[in-house]
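Below are the chains, spelled out letter by letter.
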Number of protein chains: 2
Amino acid sequence: MSSPTTPRRGYHHGDLRAGLIREGIALLAETGVAGFSVAKVAVRAGVSSAAPYRHFPDREALLAACAAAILADITDLLAAAAEQAGPDPLDRLAATAGAYTRYVLEHRAGIDLIYSYEFSGPHHPTVQEQSRRLTGALMDLGSAVLPADVSWADTADFVYVHLSTTHGYATLLVKGTRPPQDIDSHAARAVTAARDHITGYLQRLNNRETA
Amino acid sequence: MSSPTTPRRGYHHGDLRAGLIREGIALLAETGVAGFSVAKVAVRAGVSSAAPYRHFPDREALLAACAAAILADITDLLAAAAEQAGPDPLDRLAATAGAYTRYVLEHRAGIDLIYSYEFSGPHHPTVQEQSRRLTGALMDLGSAVLPADVSWADTADFVYVHLSTTHGYATLLVKGTRPPQDIDSHAARAVTAARDHITGYLQRLNNRETA
DNA sequence: GTCTATAGGGAGATAGAC
DNA sequence: GTCTATCTCCCTATAGAC
């Protein structure tokens, strides 16, 4: 946002606002939303507990900024994973499940935030915008998998199940009592599960048509 | 636990311990884990803020008791839904997704708790026991769906995906920005999604065998 | 078993100096 | 923009009366 020619002298590192978001995300990853506090974030960023309030009006605004940043990161990662997966639409959509799982496992509890706060209302436009970016990217991938005659609403439902399925798998892994394995194998399982769902969905469409 | 012949005179209603768990679950449903406090639960139950500490050593013990109660409820509901679904194993397993979704939508945020706390360790045997009951019930339903030659470990993976998928769908519905619909239609969608996953899984098994 | 009272701590947020 | 200092509120948990 700020031009690189104004190095922002006067505080301990170039951009406190960005630093607070970064440390906020790190704190969320370690303690979850429950352990989050403006004071702790300030300490991590090396400033006093009052400093954050120059950049964010209140605790919720800082949380919202973290959520928006996480959503933006995820969207980029999913897009990259789809790109890497090659030309087949099914491969591309399924790959997003692996990338999502990988992100959640690496960032632990930070994910709760995205779906746990009151960010749906008009009070957090940035979060909504990033949320729409994520949804939009998945809609593109989803509509490429489904036949052309599937309605937009049905595609949205299909994509929604794909996302929530993946979300559930990844979050349960993080919190659950499963034997911990390496991230790669967990991500691979997520891709397989997504693929199973997609093929099952397509099969149901076929059965409906031929009936 | 207490015999009905000893009505427990001396405090304002028959069984404060049970009342605290009940109110704790209600509070969790309204505010989530973040808004939970022993003091609030005490007020809801009509006792002083010190009273709960006669029945639970600390805040976490009360949370654990609530979690165990929720898990027990869910297990019973899933079992009942499977029973109602008829004889077909696929119908029975898929029906649990609907019952789970229904429970989550009716109890809102109360669900976070089950997967959000440090209940995995040996510190909360009751929670672990109820968690195993739930897993066991699903394993029975899952192994009935899969061919007999599928290993126990693979069945566990399959059931795990089924549960986490359902969990993700339901929790995203609760917190998400989706247009609110009636619970029945949401539950029906969950059943369909579970069915898609199951058929996709079985189809993959078939393809593997015939290859 | 439940009460009142309280100690002790953490965190949100503001005021005013620099 | 950031600091120090502070006010206020809420929560956990304990002590001692009944």
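See the structure above.
The structure contained in this document is the topic of the report that follows. (Residues numbered from 1 in each chain as written. Chains lettered and ligands numbered in written order. Predicted model: local features only at pLDDT ≥ 70, side-chain atom pairs only at ≥ 80, totals over all residues. Heavy atoms only, no water.)

Here we take up the relation of the copies chain A and chain B. For the pair of chain copies, the relating operation is a rotation around an axis with a shift along it. Turning chain A through 180° and shifting it by 0.1 Å along the axis lays it on chain B, with an RMSD of 0.0 Å. Such values leave the two copies arranged in the relation of a two-fold axis. Both copies share a contact surface, since 100% of the interface residues of chain A are interface residues in chain B too. (Least-squares fit on C-alpha atoms with pLDDT ≥ 70 in both. Contact = heavy atoms within 4.5 Å.)

This part takes up the environment of A:Arg59. As for its position among the elements, A:Arg59 is in helix α3 (residues 59-84). Each C-alpha atom, one on A:Arg59 and one on A:Ala39, is 9.5 Å from the other, the two residues being 20 residues apart in sequence. (Helix = DSSP H or I, 4+ residues; strand = E, 2+ residues; numbered from the N terminus.)

This brings us to the environment of B:Ala80. Tracing the backbone through its elements, the reader meets B:Ala80 in helix α3 (residues 59-84). Residue B:Ala80 is classed as partly exposed on the basis of its relative accessible area, which comes to 40%. (Buried < 20%, exposed > 50% of the residue type's maximum accessible area, 1.4 Å probe, protein only.)

Let us look at the interface of chain A and chain B. With 28 residues of chain A at the contact, the number on the chain B side is 28 residues. Here chain A meets chain B over a buried area of about 2,800 Å², counting both sides, of which 60% is carbon and sulfur. For the interface between chain A and chain B, the tally reads 4 salt bridges. There are 6 residue pairs in polar contact (both at pLDDT 80 or more) connecting chain A and chain B. For the side of chain A that touches chain B, the secondary-structure elements that each account for two or more residues are α5 (112-116), α7 (152-175) and α8 (183-210) of chain A. (Buried area = accessible area lost by both parts, 1.4 Å probe. Salt bridge = Lys/Arg side-chain N within 4 Å of Asp/Glu carboxyl O. Polar contact = N/O pair within 3.5 Å; in protein donor to acceptor, adjacent residues only side chain to side chain.)

So, about the packing of helix α4 (residues 89-107) of chain A against helix α6 (residues 125-145) of chain A. Residues and elements named next belong to chain A. Running from N to C, α4 and α6 point in directions that differ by 145°, and their axes come no closer than 8 Å. In the crossing of α4 with α6, the sense of the turn from one axis to the other is left-handed. For the pair formed by α4 and α6, the contact residues are Pro89, Leu90, Arg92, Leu93 and Thr96 on the first element and Leu138, Leu141, Gly142, Ala144 and Val145 on the second. Its residues placed into classes, the contact of α4 with α6 shows 7 nonpolar, 2 polar and 1 charged. (Axes fitted to C-alpha atoms, helices over the stretch in contact; angles between N-to-C directions. Left-handed = near helix turned anticlockwise from the far one by under 90°. Nonpolar A, V, L, I, M, F, W, Y, C, P; charged D, E, K, R; others polar.)

All names here are of chain A. In this structure the tally under the stated criterion is 4 aromatic pairs over all chains. Relative to Tyr201, the ring of Phe158 lies with its centre 4.6 Å away and its plane at 50°, an arrangement referred to as tilted. Residue Phe158 is found in helix α7, and its partner Tyr201 is found in helix α8; the two are separated by 43 residues along the sequence. Judged on exposure class, the residue Phe158 and its partner Tyr201 are both buried. Its guanidinium or amino end placed over the ring of Tyr201, Arg204 lies 4.9 Å from that ring's centre, counting from NZ or CZ. (Phe/Tyr/Trp six-rings, centres within 6.5 Å; stacked < 30°, edge-to-face > 60°. Lys NZ or Arg CZ within 6 Å of the ring centre and 35° of its normal.)

Before going further, it helps to spend a moment on the packing of α7(A) against α8(A). Pairs of packed helices are described in terms of their axes, by the angle between the two and the distance that separates them. Residues and elements named next belong to chain A. It is at 10 Å that the axes of α7 and α8 come closest, and there the two elements cross at 155°. In this view, α7 runs roughly antiparallel relative to α8, as classed from their interaxial angle. When the axes of α7 and α8 are compared, the crossing they make is right-handed. Contacts from Asp154, Phe158, Val161, His162, Tyr169 and Leu173 of α7 reach α8 at His186, Arg189, Ala190, Ala194, His197, Ile198 and Tyr201. Residues of the contact of α7 with α8, tallied by class, amount to 8 nonpolar, 3 polar and 2 charged. (Parallel < 35°, antiparallel > 145°, perpendicular 65-115°, else oblique.)

Let us look at the side chain of B:Ser164. Inspection of the secondary structure puts B:Ser164 in helix α7 (residues 152-175). With relative accessibility at 0%, the residue B:Ser164 sits in the buried group. A distance of 3.2 Å separates the side chain of B:Ser164 from the backbone oxygen of B:Val161, its partner in a polar contact. With sequence-adjacent residues up to four places away left out, B:Ser164 is seen in contact with A:Thr165, A:Gly168, A:Tyr169 and A:Leu172.

The next point concerns the nonpolar core. In this structure, A:Ile74, A:Tyr100, B:Ile74 and B:Tyr100 are the most contacted members of the largest nonpolar core, which totals 134 residues. Contact partners of A:Ile74, with chain neighbours within four places excluded, come to A:Tyr100, A:Tyr103, A:Ile111, A:Ile114 and A:Leu134. (Core = buried A, V, L, I, M, F, W, Y, C linked by side-chain atoms within 4.5 Å.)

Here we take up the pattern of salt bridges. Using the criterion set out here, one finds 18 salt bridges over all chains in the structure. A salt bridge links B:Arg204 to A:Asp196; the nearest nitrogen and oxygen atoms lie 2.8 Å apart. Taken together, the residues span two chains, with B:Arg204 in helix α8 (residues 183-210) and A:Asp196 in helix α8. Here B:Arg204 falls in the partly exposed class, since its relative accessible area comes to 23%. For A:Asp196, a relative accessible area of 3% translates into the label buried. Salt-bridge contacts for B:Arg133 lead to B:Asp76; the nearest nitrogen and oxygen are separated by 2.6 Å. On the criterion of sequence distance, the pair formed by B:Arg133 in helix α6 (residues 125-145) and B:Asp76 in helix α3 is long-range, its members being 57 residues apart. Several salt bridges share partner residues, and in doing so they unite A:Arg22, A:Glu23, A:Glu30 and A:Arg44 into one network.

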